[in-house]
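Chain by chain, the residues:
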Amino acid sequence: MKSPRFGDLATFNRLPYVPDLKGNDVSVALLGVPFDGGTTYRPGARFAPRAVRDASVLCRNYNPNLDVSVYESLNVVDAGDITVNPINLQITFKNIEERIREVHEAGARAICVGGDHSILLPDLRAVHRRFGKVVLVQFDAHTDTADSAWGEKYHHGTPVRRAIEEGLLNGSEIFQIGIRGPLTSPDQEEYVREQKINILDMDAFCDPKKRDQFFNRIRNAAAKKPIYISFDVDGVDPAFAPGTGTPVVGGMTSLEALQCVRKLKGLDVAGANLVEISPAYDHAELTSLLGAALVFEFLSLMALSKKPKAK
Ligand code: MN
Ligand code: MN
């Protein structure tokens, strides 16, 4: 409360900048991942960490919707950005995995603000090493289960398929919310069916009964293991989140997105990422403000979780 919110250098949620976590009792590290080398359409997600930091200065401590004072339960820091190589995906993936491993070794959990959705794969590699197979709760317009594009196996449309192939996830423990078409062909749904991936498409999303059933299934799957939340902002309708690379109309509202995240209350959140915000396509900071609000909801869930600190 000493200096106004529009002053000083912007960090996530005006938190202290602590890049070296060793010896600090940190529960959650927020990390920027300024990388969009995996995009197939509009680029620009490399600029999202800075935009979300700017939009997050209005963040406060108490979450009235979940009745939790986040920073009284958790010691959260902005650990800075992960060093990326803007023209080399594999080097970037290696850096992401190593940096998250450092966070885990310091006894903390990581929330990454990307970046395009390709960064999900190295995030999950690190999370798998620390927590084993987690339940993935993914908000997205797309299933991200493509095999390749232009002969390339690693881009923002493939991380879920690669994660299953690498044994990081079970298809039946993946829950995708906000999925909608159009698709290239009906074959695209075959892989999702084969792997038994759980999908709440937008038609089902609009049916309160089906939506509740879906969240009950997530709770059952997460009864004995942690969840990982991956929020691709294009899961939200472009009327509410225009600043994104691969927009699809007919999605959820900002409020519905926040309410869905809050439905995960009580589950053990091993980590989270927020991806695909492309500030150059944003208007009035709509998408960045939503992004900052979502990160606060992730932190609120972690604060409520029975085991907020790493085991
Ligand atoms: Mn998407
Ligand atoms: Mn995605």
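Procedures and definitions
- Residues numbered from 1 in each chain as written.
- Chains lettered and ligands numbered in written order.
- Predicted model: local features only at pLDDT ≥ 70, side-chain atom pairs only at ≥ 80, totals over all residues.
- Heavy atoms only, no water.
- Donors = N, O, S within 2.8 Å, 3.2 Å for Na, K, Ca; no water.
- Buried < 20%, exposed > 50% of the residue type's maximum accessible area, 1.4 Å probe, protein only.
- Pairing = 2+ DSSP bridges.
- Helix = DSSP H or I, 4+ residues; strand = E, 2+ residues; numbered from the N terminus.
- Axes fitted to C-alpha atoms, helices over the stretch in contact; angles between N-to-C directions.
- Left-handed = near helix turned anticlockwise from the far one by under 90°.
- Contact = heavy atoms within 4.5 Å.
- Nonpolar A, V, L, I, M, F, W, Y, C, P; charged D, E, K, R; others polar.
- pLDDT = per-residue confidence, 0-100.
- Parallel < 35°, antiparallel > 145°, perpendicular 65-115°, else oblique.
- Salt bridge = Lys/Arg side-chain N within 4 Å of Asp/Glu carboxyl O.
- Phe/Tyr/Trp six-rings, centres within 6.5 Å; stacked < 30°, edge-to-face > 60°.

S.K.: Sorry, what's going on with the coordination of the manganese ion (ligand 1) here?
M.R.: Between any two of four tetrahedral donors, the ideal angle at the metal is 109.5 degrees; between two of six octahedral donors, it is 90 or 180 degrees. Each protein donor to the manganese ion (ligand 1) is listed here as Asp-140 (OD), His-142 (ND1), Asp-232 (OD), Asp-234 (OD) and Asp-234 (OD); together their distances run 2.1 to 2.4 Å. We note that the donor set of the manganese ion (ligand 1) lies within a single chain, spaced as D-x1-H-x89-D-x1-D. Residue His-142 is classed as partly exposed on the basis of its relative accessible area of 24%.

S.K.: Teacher, can you tell me more about the sheet that holds strand 7 (residues 174–179) here?
M.R.: In sheet architecture, strand pairing relies on hydrogen bonds along the backbone and comes in two forms, parallel and antiparallel. In spatial order, the strands read 4-1-5-10-9-6-7-8; together these 8 strands make up an open sheet with parallel pairing. The outermost strands of the open sheet, each flanked by one partner alone, are strand 4 (76–81) and strand 8 (198–201). Going from strand to strand, the sheet's axes swing by 15° on average, the running direction of each strand aside. Sheet topology note: the strand 1 (residues 28–32)/strand 5 (residues 109–113) ladder contains 5 bridges and is parallel.

S.K.: What exactly am I supposed to notice about the coordination of the manganese ion (ligand 2) here?
M.R.: Within the protein, the manganese ion (ligand 2) binds to His-117 (ND1), Asp-140 (OD), Asp-144 (OD) and Asp-232 (OD); these donor distances fall in the range 2.1 to 2.2 Å. Taken as a pair, the manganese ion (ligand 2) and the manganese ion (ligand 1) lie 3.2 Å from each other and share Asp-140 as a ligand. Pair noted here: His-117 is in the loop between strand 5 and helix 4 (120–131) and Asp-144 is in the loop between strand 6 (135–139) and helix 5 (159–165), with a separation of 27 residues, a long-range link. By relative accessible area, which is 0% here, His-117 ends up buried.

S.K.: Can you walk me through the packing of helix 3 (residues 89–105) against helix 4 in this structure?
M.R.: The description of two packed helices rests on the angle between their axes and on the distance between the axes. Here helix 3 crosses helix 4 at 35°, and the two axes come no closer than 8 Å. The two elements helix 3 and helix 4 cross, and the hand of that crossing is right-handed. Counting all contacts with helix 3, which are made through Phe-93, Ile-96, Glu-97, Ile-100, Arg-101 and His-104, the residues of helix 4 involved are Leu-121, Pro-122, Asp-123, Arg-125, Ala-126, Val-127, Arg-129, Arg-130 and Phe-131. Here the contact of helix 3 with helix 4 is built from residues that sort into 8 nonpolar, 1 polar and 6 charged.

S.K.: Before we go on, may I ask you to explain unusual backbone geometry in this structure?
M.R.: A negative phi angle characterises most non-glycine residues, just as the trans form characterises most peptide bonds. Residue Gly-115 is reached from Gly-114 by a cis peptide bond, and omega for that bond is 15°. Inspection of the secondary structure puts Gly-115 in the loop between strand 5 and helix 4. Cis geometry is found at the peptide bond from Gly-181 to Pro-182, where omega equals 0°. For Pro-182, the position within the fold is in the loop between strand 7 and helix 6 (188–194). Although it is not a glycine, Arg-14 sits at a positive phi angle of roughly 55°. Position of Arg-14 relative to the elements: it lies in the segment before strand 1. Its identity as a non-glycine residue notwithstanding, Ala-284 has a phi of 50°, on the positive side. With respect to the element layout, Ala-284 can be found in the loop between strand 10 (269–275) and helix 10 (286–304). Look at Ala-284 and you get exposed, because its relative accessible area is 69%.

S.K.: Looking at this structure, I do not really get the confidence of the model for the protein. What am I missing?
M.R.: Interpreting fine coordinate detail is not advised for predicted regions of low pLDDT. Taken over all residues, the pLDDT of the protein has a mean of 96, while the share at 70 or more is 98%. Predicted confidence for residues 307–311 stays below pLDDT 50, and this span has 14 contacts to residues more than four positions away or in other chains.

S.K.: Sorry if this is basic, but what is going on with the environment of Val-68 here?
M.R.: Among the structural elements, Val-68 can be located in strand 3 (residues 68–69). When the C-alpha positions of Val-68 and Val-275 are compared, they lie 25 Å apart, and in sequence the two are 207 residues distant. Every residue in contact with Val-68, bar those within four places of it in the chain, is listed here: Asn-61, Tyr-62, Asn-63, Ser-73, Ser-300, Ala-303 and Leu-304.

S.K.: I would appreciate a short explanation of the packing of helix 1 (residues 48–55) against helix 10 in the present structure.
M.R.: Where helix 1 meets helix 10, the closest approach of the two axes is 8 Å, and the angle between their N-to-C directions is 75°. Judged by the inter-axis angle, helix 1 sits roughly perpendicular to helix 10. In this structure, helix 1 contributes Ala-51, Val-52 and Ala-55 to the contact, and helix 10 contributes Ser-288, Leu-289, Gly-291 and Ala-292. Broken down by class, the residue content of the contact of helix 1 with helix 10 amounts to 5 nonpolar, 2 polar and no charged.

S.K.: I would appreciate a short explanation of the pattern of salt bridges in the present structure.
M.R.: Pairing is possible between side chains of opposite charge, provided their charged atoms come close. Following the criterion strictly, the structure yields 17 salt bridges and no others. Notably, a salt bridge pairs Arg-53 with Asp-81, separated by 2.9 Å at the nearest N-O pair. You can see Arg-53 sitting in helix 1 and its partner Asp-81 sitting in strand 4, a full 28 residues away along the chain. In this structure Asp-81 comes out as partly exposed when scored by relative accessible area, which is 33%. A salt bridge links Lys-94 to Glu-98; its shortest N-O distance comes to 3.9 Å. Of this pair, Lys-94 and Glu-98 both sit in helix 3, 4 residues apart, which is roughly one turn of the helix.

S.K.: Explain the packing of aromatic side chains here, please?
M.R.: For any two aromatic rings, the description comes down to two numbers: the centre-to-centre distance and the angle of the planes. Here the structure, examined in full by the defined rule, presents 4 aromatic pairs. Summarising the aromatic geometry, the rings of Phe-139 and Phe-231 are spaced 4.6 Å apart at their centres and angled 20° between planes, so their arrangement reads as stacked. Linking Phe-139 in strand 6 with Phe-231 in strand 9 (residues 227–232), this pair joins segments that are 92 residues apart in sequence. With respect to burial, Phe-139 and Phe-231 carry one shared label: buried. Centre to centre, the rings of Phe-214 and Phe-215 are 6.4 Å apart; their planes meet at 75°, and the pair counts as edge-to-face.

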